[in-house]
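Each chain is listed here by its residues.
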Amino acid sequence: MNIPAAEKMMRFRPVLVALGCLAFLILFAKPAHAQHGDWLMGTDGLLSAQQAPEGIFYSNVWSYYHASGSNFVSLASPAPPLGTGGNGPLKLNVSGSLDEFVDQNIIGWTSPYKVLGANYGLFVDVPFAIADASGAASLEPVLSLHGSSPSLQASAGVTKGSIGDIYVEPVDFGWHFRQLDAIVSSGFFAPSGPYNSKAALNIGYGHWTGAFGLGGIAYADAARTWSLSIYTHYLLYASQLGAKYTLGDVVPFEWGAGKTLNLNNSIFQQLILGAVGYAQWQTTNNQINIASQNQTAAAVIKTLEDTRAQVYSAGPSINLLTKYGLFSLRYYEEFDAHATPSGRQLMFSVALAFG
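Computed from a predicted structure; not experimentally measured. (Residues numbered from 1 in each chain as written. Predicted model: local features only at pLDDT ≥ 70, side-chain atom pairs only at ≥ 80, totals over all residues. Heavy atoms only, no water.)

1. Concerning unusual backbone geometry
In terms of backbone geometry, most residues other than glycine have negative phi values and most peptide bonds are trans. Note the following rule: Numbering of helices and strands starts at the N terminus; helices are DSSP runs of H or I of at least 4 residues and strands are runs of E of at least 2. Residue exposure (1.4 Å probe, protein chains only): buried if accessible area is under 20% of the type maximum, exposed if over 50%, otherwise partly exposed.
Look at Asn 264: it is not a glycine, yet its phi comes out positive at around 50°. Along the chain, Asn 264 turns up in the loop between β12 (250–262) and β13 (268–282). Positive phi values are uncommon outside glycine, yet Asp 336 reaches one of about 50°. By the element assignment, Asp 336 lies in strand β16 (residues 326–338). What makes Asp 336 partly exposed here is its relative accessible area of 49%.

2. Considerations on the side chain of Thr 43
For clarity, the cut-off: Under this definition, polar contacts are N or O atom pairs within 3.5 Å; protein pairs additionally need one hydrogen-donor-capable and one acceptor-capable atom, and for neighbouring residues in sequence, both atoms have to be side-chain atoms. Contact between two residues is taken to exist if any of their heavy atoms lie within 4.5 Å; hydrogens are not considered.
Tracing the backbone shows Thr 43 in the loop between α1 (5–29) and β1 (55–77). Separated by 2.5 Å, the side chain of Thr 43 and the backbone oxygen of Leu 40 make a polar contact. Polar side-chain contacts of Thr 43 include one of 3.1 Å to the side chain of Gln 104. Aside from chain neighbours lying at most four places away, what touches Thr 43 is Val 61, Gln 104, Ile 106, Glu 254, Arg 330 and Met 347.

3. Digging into the pairing of strand β17 (residues 343–353)
Defined as follows: In this analysis, strands are considered paired if DSSP registers two or more bridges between them.
Where β16 and β17 come together, eight bridges link them in antiparallel fashion. Each bridged residue has a counterpart across the sheet, and for Glu 333 the counterpart in β17 is Arg 344. The hairpin turn running from β16 into β17, its antiparallel successor, is four residues long, and Ala 339 in that turn takes a positive phi close to 60°.

4. Regarding the nonpolar core
Note the cut-off: Nonpolar cores are built from buried Ala, Val, Leu, Ile, Met, Phe, Trp, Tyr and Cys residues. Side-chain atoms within 4.5 Å join them into one set.
Ranked by size, the top nonpolar core spans 41 residues in total, and within it Trp 39, Tyr 167 and Leu 235 carry the most contacts. Of all the elements in the fold, those that place two or more residues in this core are β1, β2 (90–115), β3 (118–135), β8 (180–190), β9 (209–219), β10 (226–237), β13 and α2 (295–306). Contacts of Leu 235, omitting those with residues within four sequence positions, involve Asp 38, Trp 39, Thr 209, Gly 210, Ala 211, Asp 249, Val 250 and Pro 252.

5. Description of the pairing of β10
Residues Ser 227, Ser 229, Tyr 231, His 233, Leu 235 and Tyr 237 point to one face of β10 and are all buried, whereas Trp 226, Leu 228, Ile 230, Thr 232, Tyr 234 and Leu 236, pointing to the other face, are not buried. The pairing of β9 with β10 spans 11 bridges and is classified as antiparallel. When the bridges of β10 are listed, Phe 212 appears paired with Tyr 234. Connecting β9 to the antiparallel partner β10 that follows it, the hairpin turn spans six residues, and Arg 224 within it adopts a positive phi of roughly 60°.

6. A closer look at the side chain of Asn 105
Note on placement: Asn 105 falls in strand β2. For Asn 105, the side chain forms a polar contact with the side chain of Tyr 58, separated by 2.6 Å. Polar contacts involving the side chain of Asn 105 include one to the side chain of Asn 60, which spans 3.2 Å. Apart from residues lying up to four places away in sequence, Asn 105 is in contact with Tyr 58, Ser 59, Asn 60, Val 124, Asp 125, Val 126 and Phe 128.

7. Things to note about the pattern of salt bridges
Definition in use: One speaks of a salt bridge when a side-chain nitrogen belonging to Lys or Arg is within 4 Å of a carboxyl oxygen belonging to Asp or Glu.
Taken as a whole and assessed by the stated rule, the structure comprises two salt bridges. We note a salt bridge from Asp 181 to Arg 224, for which the minimum N-O separation is 2.8 Å. Taken as a pair, Asp 181 in strand β8 and Arg 224 in the loop between β9 and β10 lie far apart in primary sequence, 43 residues in all. Residue Arg 224 is classed as partly exposed on the basis of its relative accessible area, which comes to 27%. Close ionic contact of Glu 333 with Arg 344 constitutes a salt bridge, the shortest N to O distance being 3.3 Å. With a gap of 11 residues between them, Glu 333 in strand β16 and Arg 344 in strand β17 connect regions that are remote in the sequence. The class for Arg 344 is partly exposed, based on a relative accessible area of 37%.

8. Let's talk about the confidence of the model for the protein
Low pLDDT means the predicted coordinates in that region are not meant to be read closely. Definition in use: Each residue carries a pLDDT score, the predictor's confidence in it, ranging from 0 to 100.
On average, residues of the protein carry a pLDDT of 79, and 75% of them reach 70 or more. In this model residues 74–93 is a low-confidence stretch, pLDDT under 50, and it forms 42 contacts with partners more than four residues away in sequence or in other chains.

9. A closer look at the packing of aromatic side chains
Operational definition: Under the pairing criterion, centres of Phe, Tyr and Trp rings, with the six-membered ring standing for Trp, must be within 6.5 Å; the plane angle then separates stacked pairs below 30 degrees from edge-to-face pairs above 60, leaving the rest tilted. By definition here, charges over rings are those cases where NZ of Lys or CZ of Arg is within 6 Å of the ring centre and within 35 degrees of the ring normal.
Summed over the entire model, instances satisfying the criterion amount to 13 aromatic pairs. Among the aromatic residues, ring-to-ring pairing joins Trp 39, Phe 123, Tyr 167 and Phe 189 into one connected group. Above the plane of the ring of Tyr 219 lies Arg 224, whose end atom (NZ or CZ) is 4.0 Å from the centre.

Below is the structure:
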């Protein structure tokens, strides 16, 4: 039987619309961006809420992150499967693999000037990254209609490396009491890393981001050898460059609990042993400015808007304070992730003070 071309187009129009929505899903999920967003969680470690000592400082933070499996994208919608006319749910589970190396270069200044009793400081963080991604973490989606529900198929991997999005923190206030340190900060991420809205893998994030931070360290004893640190931020994303969506706000949260051992050595001065962790929650819905043309497209868009990501992690950490600088090694194992990858991360940092 010969079917007119116009009728063929009408039959396949829902498929084409859904394909566009699914393509947007991959761009929205941004699985090639390690660490679930702009803020590279785990950066601060055991004493995350401690302001740097007075003077100029430089910190180099190196990290390796790996995630793999089927948790890069997870979508469930009440819409019927495409092309089947059935009543079952639309399900999408996409596999992928991601390896990313990030080298952060942080340079700042903590001044002797006081504002409401707090030392004023500022810093800038310039990251460089190399990412290797495959599967859903790297490619535009290919929709397959075989079976009872659509699925995405992956092909070759992608590797890219460049400067990332630069973070500037012009507001950093630190209070220092006998058994308590507190910090309030504000900064922004500039879209300095290369970004192409049509590319499967980007090092840059393609949007401006505002960040507001609040944290503190409580010491259980007067000698400040037992510490509990928490540092939380609130991130507000601007609209995506070259795309019709805006990500929902997120709250990255870091904690550390440690015990300080004084080594009484002219070179090796202190050893801090403890546990660290981080979590991130999405607090507002995503905004997608795409007009839906049928119920299937509307259901996919509604699900994407309402889906909120979260992830948790924990691991061991060790800090060594020497006459040459502060060295830190820490490991994070992620768990209980939703709508975002779950992986593991190894971080090493060196902090130098210049008086």
